[in-house]
Amino acid sequence: MVSSIERELKTLLSKAEYDKLYTYFNLQNQPKIIQSNYYYDTADEIFKQNNAALRLRVFDNGSSEWTIKERVSELESIELTQFNREKVIDVPQSLNEDIIYSADIQEFIASRNIVWTNIKRTMSLITERYNIDVPYGLYALDYTQYPQAEDHELELESQDIEVALEQFNSLLASVDISYKQAETKLSRAHRYSTNE
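Not measured: the values here are computed from a predicted model. (Residues numbered from 1 in each chain as written. Predicted model: local features only at pLDDT ≥ 70, side-chain atom pairs only at ≥ 80, totals over all residues. Heavy atoms only, no water.)

1. Remarks on helix H1 (residues 15-24)
Every buried residue belonging to H1 is among Glu17, Tyr18 and Leu21, and all of these are buried. Down the axis of H1, the buried side of the element spans an arc of 105°, and every buried residue falls inside it. Of the residues one or two after H1, Asn26 is the one with positive phi, at around 55°. (Buried < 20%, exposed > 50% of the residue type's maximum accessible area, 1.4 Å probe, protein only. Helix = DSSP H or I, 4+ residues; strand = E, 2+ residues; numbered from the N terminus. Arc of directions from axis to C-beta.)

The following block contains the structure:
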């Protein structure tokens, strides 16, 4: 189990801008990571009310992880992650404490009086990701398929958000891409599902 603070910048991209960055980063011979993301909440959206999301991420190599991300500011989230010991064969529709054994995640759920049997799968999406390591962080160039839509984005995770912001804006300017505010993937999935 890992607990960390995630500092992240992101911008939405058009398909043409995505292709431009794909070429800029020279990703033609780089492996892409395919990840299936399954989000969970209660009927009354307790996770959402707590500025949090519960996600199961299953990678194309069979590994998987449970994560709770709790937003603490516009650019920062607390992230609690459980790396699963076994491959996920069937993605659960509902949860119990035997599926998520991380003490930190269990404590998060208990501290908000969430009943395990009330946690149900609410959304799923698939992301094709290219990771690009840079001295000041990690870029992720994403193409995501939602049930009702698809989109492209560029993310930058960094421990030094000031340096990252400067470098992120410099990169966008150098390839003539305008910054477009990007909500979380879960927020976009909800928006796409209601056609807002």
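2. Considerations on the layout of surface pockets
In this structure, the largest pocket encloses a volume near 1,100 Å³. Every residue lining the largest pocket is counted, 46 residues in all, and those nearest its centre are Glu6, Ala53, Arg55, Lys69 and Thr184. It is strand E1 (residues 2-13) that contributes the most residues to the lining of the largest pocket, seven residues altogether. Here the lining of the largest pocket is composed, by residue class, of 14 nonpolar, 14 polar and 18 charged. (1 Å grid on protein atoms, 1.4 Å probe; cavity = no way out; pocket = protein on both sides within 12 Å on 5 of 7 lines; lining within 4 Å. Points joined across faces, edges and corners; volume = space filled by probe spheres on them. Nonpolar A, V, L, I, M, F, W, Y, C, P; charged D, E, K, R; others polar.)

3. With respect to the side chain of Thr144
Locating Thr144 in the fold gives a position in strand E7 (residues 137-145). Looking at Thr144, its side chain comes within polar contact range of the side chain of Thr127, at 3.0 Å. (Polar contact = N/O pair within 3.5 Å; in protein donor to acceptor, adjacent residues only side chain to side chain.)

4. A word on the pattern of salt bridges
Scanning all chains against the criterion turns up 16 salt bridges. Put simply, Glu76 and Arg7 hold a salt bridge, and the shortest N to O gap is 2.6 Å. Residue Glu76 is located in strand E5 (residues 76-83), and its partner Arg7 is located in strand E1; the two are separated by 69 residues in the primary sequence. Residue classification places Arg7 among the buried residues on the basis of a relative accessible area of 19%. Between Lys10 and Glu155 there is a salt bridge whose closest N-O contact spans 3.8 Å. With Lys10 in strand E1 and Glu155 in strand E8 (residues 150-157), the pair connects residues that are 145 residues apart, well separated along the chain. (Salt bridge = Lys/Arg side-chain N within 4 Å of Asp/Glu carboxyl O.)

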